[in-house]
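# Summary of structural features
Single-letter residue listing:
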Amino acid sequence: YLDYLAAYKINKFHWHLTDDQGWRIEIKSHPKLTEVGAYRAIKPGQVYSEDKTINGQYGGYYTQEDIKEVVAYAQKLHIDIVPEIEMPGHAQAALAAYPELACTAGSFDVWTEWGVSENVYCPKEETFHFLEDVLDEVMELFPSQYIHIGGDEAPKTRWKSCDYCQELIKREGLKDEHELQSYFIRRIEKYLNAKGRSIIGWDEILEGGLAPNATVMSWTGQEGAIHAAKQGNDAIMTPVSHMYFDYYQGNAQTEPLAFNAEVRLDKVYSFNPIPKELSAEEAKHILGPQANVWTERIQDFDHVEFMIFPRLFALSEVGWGTSNPDKYNDFEKRAIHHLEYLEAEGINYSKALFEVTGKTYADGGENYYKLEVKNPKLTIRYTIDGSSPNVTSTLYSAPILIDKTMEVKSASFDGAQQKSTVLTQEFLKSKSTGKVITLENGPSAPYLANGASSLVDGIFGHPYSFKSDWLGFNGTDLVAIIDLGQHQNISEVRMNTLDFTESWIHRPQSVIIYMSQDGKQFKEIAKLNKEQINAMGGTLQLNFPKQKAKFVKVVVENVGKIPNGYPGAGYDAWLFVDELTVQ
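We now turn to the structure provided with this report. (Residues numbered from 1 in each chain as written. Predicted model: local features only at pLDDT ≥ 70, side-chain atom pairs only at ≥ 80, totals over all residues. Heavy atoms only, no water.)

The next thing to look at is the nonpolar core. Side chains of nonpolar character tend, in soluble globular proteins, to be buried together. In terms of nonpolar packing, the biggest core is built from 131 residues, with Trp23, Ile25, Tyr121, Phe142 and Phe309 touching the most fellow members. Take this core: its biggest share by element is eight residues, from helix H5 (residues 125–141). Core analysis: the second largest hydrophobic core is formed by 30 residues, Leu471, Met495, Leu528 and Val554 among them. (Core = buried A, V, L, I, M, F, W, Y, C linked by side-chain atoms within 4.5 Å. Buried < 20%, exposed > 50% of the residue type's maximum accessible area, 1.4 Å probe, protein only. Helix = DSSP H or I, 4+ residues; strand = E, 2+ residues; numbered from the N terminus.)

Below, the structure written as structure tokens:
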């Protein structure tokens, strides 16, 4: 990884070493951090690297000798490593090892969930002594001027109910828990400054007042960096909109599992790390861009390579100020040429630049599937018999008629050479496909897909790409009426739903099916309760005695507020639904 950074003139490596889900650096003065904090229970349904599963637990850590080796190697490549030790939040792995550092009594487990734990460090003297011990050893290992102290996503729930915290707020004349976080960060900064080091923190360290010499790493957007620069603090640009390399860089249907959003190559290349809101003098405080490769869904180094290439090409030019979004096509040609080098070296990379994209549309009462490839030099070949396309498969020349249940597989070719991965799209022809559908409540941005018609286009949404064919409803229900065009015999309604509680997405509370002859008077025909929905999983199926009707009404009830014990508890839950099929 460091070799790749050096090859493209990236001179900083930010190493995220602690979190709720694991403590990954040996601290000799506090051995339980790795004895306990480096391993978590295996949770069913999550993906794990087999070589990191030990005695029924998932985990591991870097020894201090490992770290010395990596730091020395980076120095030879003129790369500074910036270590990150999270505080006051993202601390549950540490609290599992040393529960006395929490605000509440009792034991903790290393967290097995995604998202953010409410268990944070308690700002008592014992905690600061512990963190100073940890940071002393970190500074011995890392010569970097900067030490990243996290500071992000630190819930204040525990502090609000903590007598010690409330007394500390009064004693220090603080306004609230946000200023208590600022107090926490300032104490750590003062300690590190006295050792000749500087701190970096995620943009939440702005809450309650920024520490005097802190550098802000702006991830939620660009506003944090702008605010910091205007008041004379340095900042690093790593907005989630352009710089998160754990996101898909192509069609989720053709790429390995990633986080449920897209940051494509052109989006990275378009990024200007110097906001237009800053004056020339203020802009000097922007140290540069950084791209983040979070690995919750990345299980091996082959996958790491896939996520960074070819986006690393764009990051290099953005960072060194040679990018020109107006000439993106020229950059893309250079990138494609350079992919030949990666190919020759056996380096994995995303083939999104060559991908085939498909979309459906209705015309004259029929549904069609249109395929496209961005590169005009490439051709598309496809099959409908379940086989993978090759150079002898049907050459695509016109939209494909979807007149039956079928599976279309397609790929792009340069002569006889296949350039893209295979795009597989299933179509289900039902009595609702292509029919008129109306919604009582509109879906929430940005999860609008192609509007209501997405629910009856015969296409199943990819479960890990929420923006493809899914409709998302935040705190509201899906209420849809399908006009079948004529009276038909009906005995089944099916739909797909999602359950990603780490992203605040919950399966429905209930599903009710109604029938009508005139679109005005509806009669309830079938219903699923929460228990039945959970037992069925993603695809919900309601069967009932054969009915004749012209209109079908589907009510999918949102769970409402997210229950306690789940990420985002108390906020509106998301409901995601795709493809209502009537048979």
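Burial runs high along helix H12 (residues 301–308): six of the eight residues are buried. His303, Val304, Glu305, Phe306, Met307 and Ile308 are the residues of H12 that are buried. In the core, the buried residues of H12 are packed alongside helix H1 (2–7), strand S12 (247–248) and helix H13 (311–319). Its side-chain oxygen 3.3 Å from the backbone nitrogen of Asp302, Asp300 forms the N-cap of H12. (Contact = heavy atoms within 4.5 Å. Polar contact = N/O pair within 3.5 Å; in protein donor to acceptor, adjacent residues only side chain to side chain.)

Locating Thr238 in the fold gives a position in the loop between strand S11 (235–237) and S12. Thr238 sits in the buried class, given a relative accessible area of 0%. When near neighbours in sequence (up to four residues on either side) are disregarded, Thr238 contacts Trp202, Met217, Ser218, Trp219, Met243, Tyr244, Gln290 and Asn292.

This brings us to the sheet that holds strand S4 (residues 39–41). The antiparallel open sheet is built from three strands, whose spatial order is S4-S6-S5. Strands at the two margins of the open sheet, each flanked by one partner only, are S4 and strand S5 (53–54). Pairing between S5 and strand S6 (residues 57–59): two bridges, direction antiparallel. Its bridge partner being in S6, Thr53 is matched across the sheet by Tyr58. (Pairing = 2+ DSSP bridges.)

Attention now moves to the packing of helix H7 (residues 163–171) against helix H8 (residues 177–194). Closest axis-to-axis distance for the H7/H8 pair is 10 Å, and the angle between their directions is 80°. In this view, H7 runs roughly perpendicular relative to H8, as classed from their interaxial angle. Counted together, Cys165, Gln166, Leu168 and Ile169 of H7 and Glu177, Leu180 and Tyr183 of H8 form the full contact between these two elements. For the contact of H7 with H8, the residue count by class is five nonpolar, one polar and one charged. (Axes fitted to C-alpha atoms, helices over the stretch in contact; angles between N-to-C directions. Parallel < 35°, antiparallel > 145°, perpendicular 65-115°, else oblique. Nonpolar A, V, L, I, M, F, W, Y, C, P; charged D, E, K, R; others polar.)

Inspection of every chain in the model, using the stated rule, returns two cavities of 30 Å³ or more. Size it by volume and the largest cavity reaches roughly 60 Å³. What lines the largest cavity is Trp114, Asp246, Leu257, Ala258, Phe259, Trp294, Glu296, Arg297 and Ile298. Of the residues assigned to the lining of the largest cavity, the class counts are six nonpolar, no polar and three charged. If you go around the second largest cavity, the residues you meet are Thr360, Asn367, Tyr368, Ile402, Phe427, Leu428, Thr433, Asp457 and Gly458. Classifying every residue of the lining of the second largest cavity by side-chain character gives four nonpolar, four polar and one charged. (1 Å grid on protein atoms, 1.4 Å probe; cavity = no way out; pocket = protein on both sides within 12 Å on 5 of 7 lines; lining within 4 Å. Points joined across faces, edges and corners; volume = space filled by probe spheres on them.)

In this model, Met87 is joined to Pro88 through a cis peptide bond whose omega is -10°. Its location among the elements puts Pro88 in the loop between strand S7 (80–87) and helix H4 (92–97). Put simply, Phe309 and Pro310 share a cis peptide bond, and its omega is 5°. Backbone geometry places Trp504, a non-glycine residue, at a positive phi of 70°. Of note, Trp504 is situated in the loop between strand S25 (478–497) and strand S26 (510–516). Assessed through its relative accessible area of 29%, Trp504 is described here as partly exposed. Despite not being glycine, Glu579 has its phi angle at roughly 60°, a positive value. Position of Glu579 relative to the elements: it lies in strand S29 (residues 574–582). By relative accessible area, Glu579 is classed as buried at 1%.

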